[in-house]
Amino acid sequence: MAFDLIIRGGTIVDGAGMPGYHADIGVRDGIIAEIGDLKGQTAAEVIDAEGMVVAPGFIDGHTHMDAQVFWDDIGSNSCWHGVTSVVMGNCGFSMGPCAEKDKDLVLHNFERAEDIPRQAMIEGIPWSWETYPQYLDVVDALPKGLNYAGFVGHSVLRTYAMGARAMEEEATPEDLDIMKQQLADSMRAGALGFSTSRTFSHRTPEGKPVASRLASWDEVVQLTNVMADLGTGIFQIARENVIEDDEEREKEHEQIKALAVDTGIPITFGGTWSKRHRPDAWRTQFRMVDETIAAGGRMMIQGTATWNGSLRSFETATPYDMIPVWKEFRQLPLDRQEAGLRDPEMRARLVAAVKAHKHKPDPALPNLFQRPVDWDWVFPYDRTLPPFKSITEVAAERGVEPIDAFIDLALEHHLKLFFIQPSFNEDQDYVLAHIRHPHSVVTFSDAGAHVATTCSPIHGHLLGHWVRNAQAIPLETAIRKVTLDIASFWGLKGRGWLHEGYHADIVVFDPATIAPTLPRLHHDLPSGAARIKQKTDGIKATIVNGQVLMRNNEHTGAYPGQLLRGRLAHN
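## Description of the sheet that holds strand S14 (residues 379-380)
With antiparallel pairing, the 3 strands of this open sheet are ordered in space as S13-S15-S14. With one partner strand each, in any of the chains shown, strand S13 (308-312) and S14 form the two edges of the open sheet.

Below you can see the structure in the form of C-alpha cells.
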C-alpha cells in the first residue's frame with residue numbers, strides 16, 4: 001500500500017534512548033504507519049536520509065510564542081532548529097483570560113518581563129477573545145507550521161480577577177474564586193497546566209513586580225489544587241533564582257517539595273541556578289529534585305545546553321547605553337556611530353565614560369543593564385560552538401584595554417558583530433551535569449521572548465558540541481532529552497517517539513555538520529521592530545504531522561501545525 005511519505009535509509013534514533021538502527025519510515029495520514037525495510041514501497045514523496053539521523057521532532061517546553069503565533073505562521077526561530085512542537089504560556093504569562101478592553105494589563109506584564117515590543121503586540125494581535133478557552137479556539141483556527149500547546153498564566157488570571165490591583169496587592173477570597181474558576185475552565189478547554197513567576201527578573205516597565213509576584217504562596221497552593229481536584233495538569237514556576245540566604249533558599253525548596261508531594265501535580269522549572277559567585281548552589285537544587293522524587297512527587301528541571309545569557313551589539317544594545325555620553329551617541333544611525341568610533345576624539349570620550357562609570361542597578365531598566373560588565377565573561381560571537389575567547393583574552397593578545405578590544409572587534413564587522421554576556425550557567429561542568437541528570441530535559445529556548453537580546457539554538461549546540469565535538473553525551477541520550485522525556489512529562493500524547501501509530505513529527509539531520517549559524521538582526525516584526533534570527537545548519541527536513549514543513553531549513557509552504565490540547569479537552 002502506498003504511503004504519503006517515506007524517509008528512506010537513515011539511522012533511526014527513536015527518542016526512547018535506545019541505540020540507533022537503520023530502517024525506513026512510512027507515513028500515512030500524518031501518522032507513522034510502518035518502520036522497517038520498505039524497499040519496493042512507493043510514496044508521494046521520498047526523503048533520502050542516507051548518512052542522516054532520523055529522530056522525533058524536537059519539543060520545546062519553554063517558549064513565549066503566545067503573541068508571535070499571530071504574526072509568524074511558521075514559528076521561527078523554532079522551526080529552523082528541528083522543533084516541531086512548542087509549549088507557550090510559561091512563567092505566568094499567557095494571552096488569556098483577558099478581554100480586549102483590558103489587554104493593556106496583559107501587555108504590561110509581557111513588555112518588560114519578556115522583552116516583546118509593545119507596538120508589535122498592539123499591531124500584530126487581532127484580539128477577539130476574553131477567556132482562555134476562547135484564546136485556544138482562536139489559535140486552533142490559525143494557519144500554523146508548528147504544533148502549539150499552552151499553560152494559562154498566573155499574572156493573567158490575577159489581572160482578569162483584580163484589574164490593576166493585581167500588580168499592587170494580594171488577592172481577596174473573592175478574587176481567588178474568580179481565578180480558580182477561570183483556571184478550571186482553561187484546563188477543561190485544553191490548557192496543559194498553570195504557570196507562575198516569583199523571580200526578580202520579571203518586572204513591569206516601571207521596574208515593579210509582575211502580577212504573579214504579588215501573590216502569596218497560599219494563593220499559588222490553592223490554584224495548584226484546582227488542577228489536583230481535576231486530576232490533571234502541570235505546574236510551571238519561574239523560581240526566585242537569586243536567593244542568597246541559605247535558610248531562605250531551603251524554605252523555598254521545602255515549599256516546592258511539599259506542593260509536589262501533597263498535590264501530586266508534576267512541577268517543572270528552569271535550571272538556571274549556577275552562578276560563578278555561588279558555584280555549588282545548583283547542587284542543593286538537584287538534591288531538592290531527588291528528594292521530591294523519592295517522596296513520591298514528580299519534578300522536572302528545564303535547562304539549556306550552554307550559558308544562560310544574552311547578546312549585545314551596536315545594532316541592538318550595548319552594556320553602556322545608559323551612560324549619558326553613550327546614550328546620546330547611540331541615538332545616531334549605525335553608519336554615523338561607526339564613523340564616530342573611528343574618530344579618535346569621539347572614541348576617547350566614549351572610552352573615558354566607560355572607565356569612569358560606576359554600576360548602579362535600576363530595576364526600571366531592562367535586565368541587560370542590571371549586571372556590571374565583567375570582560376572575562378563577555379565573548380565575541382564570531383563562532384557558534386566552543387571554545388570561545390573572552391574580551392579579556394582578546395585584549396591581552398592585542399595589547400589593548402578590554403573596552404578598546406570590544407570596540408575594535410565591533411568595527412571589524414561594521415558594528416554587526418554580536419557579543420555573548422552569560423548571566424547564569426557559566427560553569428559548563430554544571431551544564432553537563434544538568435543534561436545528564438535523570439530528571440532534566442533540554443528545553444529552555446524562551447522562543448518568542450527577548451527577541452532582540454537572545455536567541456537560543458539549544459538543539460544545534462547540544463548535538464554539535466556536547467554530542468559530536470565533546471563526545472560527552474551519547475546521541476541517543478541527547479535526542480531523548482529533547483523529545484520523549486518532554487512529551488511524557490508534559491502530557492503530549494503520541495509525540496516524541498518514532499513508533500508506529502505515533503504522530504509523524506520527525507527531523508532528519510546530518511550528525512557530522514549540525515550546528516547553529518551566526519545570528520543576524522532583522523526588522524520584520526509588526527511595526528518594524530527588530531528581532532534576532534538564527535538557524536541551525538545540517539537539518540535536511542523537518543516534518544510536522546506527516547508534512548514536510550522545512551526542507552534544508554526553507555519553508556515548503558505547508559502549514560501542518562495543530563493546537564495540542566490537554567487531557568481534559570479530549571474527555
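Having seen it, we continue.
## Overview of the pattern of salt bridges
With the rule as written, the count across this model stands at 33 salt bridges. For Arg-118, the salt bridge is made with Glu-111, and the minimal N-O distance between the two is 3.8 Å. Judged by its relative accessible area of 24%, Arg-118 is partly exposed. Salt-bridge contacts for Arg-239 lead to Glu-252; the nearest nitrogen and oxygen are separated by 2.8 Å. Taken together, the residues span a long stretch of sequence, with Arg-239 in the loop between strand S10 (234-238) and helix H7 (246-263) and Glu-252 in helix H7 at a distance of 13 residues. Judged by its relative accessible area of 10%, Glu-252 falls in the buried class. One network of salt bridges, with partners in common, ties together Glu-250, Glu-254, Lys-257, Arg-287 and Glu-291.

## Topic: the packing of aromatic side chains
Inspection of every chain in the model, using the stated rule, returns 23 aromatic pairs. Residues Phe-406 and Phe-419 carry aromatic rings whose centres are separated by 4.6 Å and whose planes lie at 45 degrees to one another, so their mutual orientation is tilted. Taken together, the positions of Phe-406 in helix H13 (residues 402-412) and Phe-419 in strand S15 (residues 419-424) put the pair 13 residues apart, joining distant regions of the chain. Relative accessible area serves as the criterion here: at 1%, Phe-406 is assigned to the buried category. These aromatic residues form a ring-pair network of at least three members: Phe-314, Tyr-320, Trp-326, Trp-375, Phe-406 and Phe-419. The side chain of Arg-203 reaches across the aromatic face of Phe-200, ending 4.9 Å from its centre. The residue whose ring lies beneath Arg-239 is Phe-269, and the NZ or CZ to ring-centre distance is 4.5 Å.

## Re the nonpolar core
Counting 98 residues, the largest nonpolar core has Met-95, Tyr-135 and Phe-509 as the members making the most contacts within it. With 6 residues, helix H5 (residues 173-189) is the largest single contributor of residues to this core. In this structure Phe-509 touches Met-52, Val-53, Ala-55, Phe-58, Leu-463, Leu-475, Ile-479, Ile-514, Gly-538, Ile-539 and Lys-540, once residues within four positions along its chain are discounted.

## Quick word on unusual backbone geometry
Gly-96 connects to Pro-97 through a cis peptide bond whose omega is 5 degrees. Position of Pro-97 relative to the elements: it lies in the loop between strand S7 (83-88) and helix H1 (103-113). Residue Cys-91 is not a glycine yet carries a positive backbone phi of 60 degrees. Positionally, Cys-91 belongs in the loop between S7 and H1. Phi angles above zero are rare outside glycine, and Gln-471 is one such case at about 50 degrees. Mapped onto the elements, Gln-471 comes out in the loop between helix H15 (458-469) and helix H16 (475-481).

## Topic: the packing of H1 against helix H4 (residues 154-162)
Relative to each other, H1 and H4 sit at 150 degrees, their axes nearing to 10 Å. When the axes of H1 and H4 are compared, the pair comes out roughly antiparallel. Where H1 crosses over H4, the handedness of that crossing is right-handed. Across from Leu-105, Val-106 and Asn-109 in H1, the residues of H4 making contact are Ser-155, Val-156 and Thr-159.

The rules we used
Residues numbered from 1 in each chain as written. Predicted model: local features only at pLDDT ≥ 70, side-chain atom pairs only at ≥ 80, totals over all residues. Heavy atoms only, no water. Pairing = 2+ DSSP bridges. Helix = DSSP H or I, 4+ residues; strand = E, 2+ residues; numbered from the N terminus. Salt bridge = Lys/Arg side-chain N within 4 Å of Asp/Glu carboxyl O. Buried < 20%, exposed > 50% of the residue type's maximum accessible area, 1.4 Å probe, protein only. Phe/Tyr/Trp six-rings, centres within 6.5 Å; stacked < 30°, edge-to-face > 60°. Lys NZ or Arg CZ within 6 Å of the ring centre and 35° of its normal. Core = buried A, V, L, I, M, F, W, Y, C linked by side-chain atoms within 4.5 Å. Contact = heavy atoms within 4.5 Å. Axes fitted to C-alpha atoms, helices over the stretch in contact; angles between N-to-C directions. Parallel < 35°, antiparallel > 145°, perpendicular 65-115°, else oblique. Left-handed = near helix turned anticlockwise from the far one by under 90°.

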